[in-house]
Every structure is written in C-alpha cells, then in structure tokens.
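Remarks on the overall topology
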Amino acid sequence: MAFLMKSMLSNQVKNLGLGGGGEESKEESTPSDPAAAAGMTREEYEEYQKQVVEEKMERDAAFAQKKAERACLRVHLREKYRLPKVSL
C-alpha cells in the first residue's frame, strides 16, 4: 500500500516539473499581434474593430428604445386597469 502511494505521488511530482517547458514553446509560436492572428492587415483590423463597436452601439440603442417602449406601455396599462406594481 505504501509503495502504491509513493509511486503515485512521485509520478505526479515528475509531471509537474515537465509541464512548464512545453507551454513556453507554444506561446512563442503564436503571433502577438491580433491583426496577424486574424489574417488581416493592421488597417483592415482597425476598420473591423470600428465596425464592431458601431454595431454594438446600434444594438444597445435599439435595446434601450425597446426597453423604454415596454416601460411606457406597462405604465399606461397600469393606469388604465389600475394594476399594482409588481416587485421581484
């Protein structure tokens, strides 16, 4: 029993020592520039990022407008039917 425990622990300790060297070589092979990683030039990547930000702003604005419309409708229906506010 003691031999089994000793061998299991020694194998785990050996694996810990060998894991660090392999990760460093993987990090060196990946490019640090996100544009190169995406397969684009720097200008294309910047234009793409601007487009993504603009689309996000448009989605956020549309969501805010829909949210305000729903809130307005809720208020109107509460007043019309004299419903109490529901708190969650």
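Here, every reference points to the structure presented above.
Conventions adopted
- For every chain, the first residue of the written sequence is number 1, and numbering continues from 1 along that sequence.
- Under the rules for a predicted model, residues below a pLDDT of 70 receive no local features and side-chain atom pairs below 80 are neither given nor counted, while totals for whole chains, interfaces and linings still include all residues.
- Computation of side-chain values covers all heavy atoms of the structure but excludes hydrogens and water.
- By salt bridge we mean one thing: a side-chain nitrogen of Lys or Arg within 4 Å of a carboxyl oxygen of Asp or Glu.
- Accessible area is worked out with a 1.4 Å probe on protein chains only. A residue is then buried under 20% of its type maximum, exposed over 50%, and partly exposed in between.
- Elements are defined by DSSP. Helices are runs of H or I of four residues or more, strands are runs of E of two residues or more, and each kind is numbered from the N terminus.

Quick word on the pattern of salt bridges
Tallied over the full model, the rule gives two salt bridges. D33 is the salt-bridge partner of R42, the closest N and O atoms lying 3.4 Å from each other. Take R42: its relative accessible area is 43%, and that puts it in the partly exposed class. For D33, a relative accessible area of 28% puts it in the partly exposed group. A salt bridge links K56 to D60, with the nearest nitrogen and oxygen atoms 3.0 Å apart. Note that K56 and D60 are positioned in helix α3 (residues 42–81) at a spacing of four residues, about one turn of the helix.

These values are about where atoms sit, not about what they do.
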